[in-house]
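Summary of the model geometry
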Amino acid sequence: MAKEDIAPYQRNLALKKEFKLLGLDLNEVMEFSPFNLDLENRRLENLLDFVHRYQKYGSPQTMELIDGPYQFPPIFPGISPENDWYRFELWLQGLPTRTTLAEQLPKDFALKRPEELSEEEIGPALDHLAEVLSELGYGISLQDGIPPRLVYENLLEHLGEDFEFDPGGGWCYDGCSGYCPGCFQRPWCKVGSSSCWTEDEEAGKMHLIESLNRYVSASPQSLEILQRLQAAEDARYAKFQDENPDSGLGDPAADDDRKARLN
C-alpha cells in the first residue's frame, strides 16, 4: 500500500484515540463513513476542534462572543441548534444522548400489558397513557376509528424505541413509516386505503398485517378498487408534472414507479 493511501487510516486512528483519551464515546454523536475516510476525518477534526474550543471557553455564549455567532456543535444527527447544544453538553458529561419514552415515564406509573386489560379497561388505559405522555411533552396523532387495543399495542412497541433527547419534548407519534402494507393504520387511512402496492397484487387483495386480522379482512374486490384509485392518482400526478415541470416536487424513485404503472 502506498504511503499516501495509508495516511488517512493513520489519521483516522489518531483522531479516534484523541476522543478516547477524552473519555468521549463517538458512537453517541458521530456519523461514520468508513468507505470515505477523508470525509470521516474532516468530521472528526471539526468535532475535536469544537470540543477543544468549548472546553477552553466553557459555554456556548462565550464561544459566540469570541468566535462569532452561529457556533453549533457538528454532531449527528443535526436536529436544531437548541437540541444539538443540549445533546452535545450531555455527551461531554458522559451522559446518554438517546432515550426511550418508556424510560421517561414516571416511576410510579404502572404500565400494563394489553393482555392484562379487558375490553372495558383498554380504552381508559390508553387515555391515561396518552395523558401521561402529554404531560412529558409528547403527543399521539393517529388515524380516527382505530380500535383502542390496536393503538395501545402499537404504542407500547414504540415506547421502547430509541430517539435523541429533546429538552422540550415535542415528539409526536403518528405511526406512519410510509410503507402502507406494513402499517396497522392502513384500513383507516385515506392514503393507505387508496394506494396499490406490489404486496397487494401478490396477495390478490389489500395486504394487511397479521395483527389486523382480529378487526378487519380484505375482500378480493379490494385489489381492483386499489388499482383503480392508484391509476387515478398516477394520472393526476402525471398531469401535474406535465403542467408544472419546474415544480421540483418530483421524487425520481416515485416517478419511475408511477411511470411503470401508467405503462
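This text follows the structure it describes.
Here we summarise the structure given alongside this text. Computed from a predicted structure; not experimentally measured.

Turning next to the nonpolar core. Among the nonpolar cores identified, the biggest contains 29 residues, and Leu101, Leu105, Leu129, Leu133 and Tyr152 are the most heavily contacted of them. Of all the secondary structure elements, the ones that give two or more residues to this core are helix H6 (119-135), helix H7 (148-159) and helix H9 (221-243). The element best represented in this core is H6, accounting for six residues. Ignoring any residue separated from it by four or fewer positions in sequence, one finds Tyr152 in contact with Leu111, Lys112, Arg113, Pro114, Leu117, Ile122, Ala125, Leu126 and Leu129.

The subject of this paragraph is the pattern of salt bridges. In the structure shown here, the tally under the stated rule is 14 salt bridges. The salt bridge involving Glu116 is made with Arg113; its shortest N-O contact spans 3.3 Å. Looking at Arg113, the relative accessible area reads 47%, which means it is partly exposed. One salt-bridge network, held together by shared partners, links Glu28, Arg98 and Glu164.

Let us look at the packing of aromatic side chains. Evaluated as defined, the whole model comprises nine aromatic pairs. Both rings, one in Phe50 and one in Phe88, keep their centres 5.3 Å apart while their planes meet at 85°; by these two values the pair is edge-to-face. Pair noted here: Phe50 is in helix H2 (residues 37-57) and Phe88 is in helix H4 (residues 81-92), with a separation of 38 residues, a long-range link. Exposure class is identical for Phe50 and Phe88. Each is buried.

Attention now moves to the packing of H2 against helix H3 (residues 60-67). As a packed pair, H2 and H3 sit with axes 9 Å apart at the nearest point and diverge in direction by 105°. One way to sum up the angle between H2 and H3 is to call them roughly perpendicular. Note on element contacts: H3 touches H2 through Pro60, Thr62, Met63, Ile66 and Asp67, opposite Phe50, Arg53, Tyr54 and Tyr57. Looking at the contact of H2 with H3, its residues break down into six nonpolar, one polar and two charged.

The rules we used
Residues numbered from 1 in each chain as written. Predicted model: local features only at pLDDT ≥ 70, side-chain atom pairs only at ≥ 80, totals over all residues. Heavy atoms only, no water. Core = buried A, V, L, I, M, F, W, Y, C linked by side-chain atoms within 4.5 Å. Buried < 20%, exposed > 50% of the residue type's maximum accessible area, 1.4 Å probe, protein only. Helix = DSSP H or I, 4+ residues; strand = E, 2+ residues; numbered from the N terminus. Contact = heavy atoms within 4.5 Å. Salt bridge = Lys/Arg side-chain N within 4 Å of Asp/Glu carboxyl O. Phe/Tyr/Trp six-rings, centres within 6.5 Å; stacked < 30°, edge-to-face > 60°. Axes fitted to C-alpha atoms, helices over the stretch in contact; angles between N-to-C directions. Parallel < 35°, antiparallel > 145°, perpendicular 65-115°, else oblique. Nonpolar A, V, L, I, M, F, W, Y, C, P; charged D, E, K, R; others polar.

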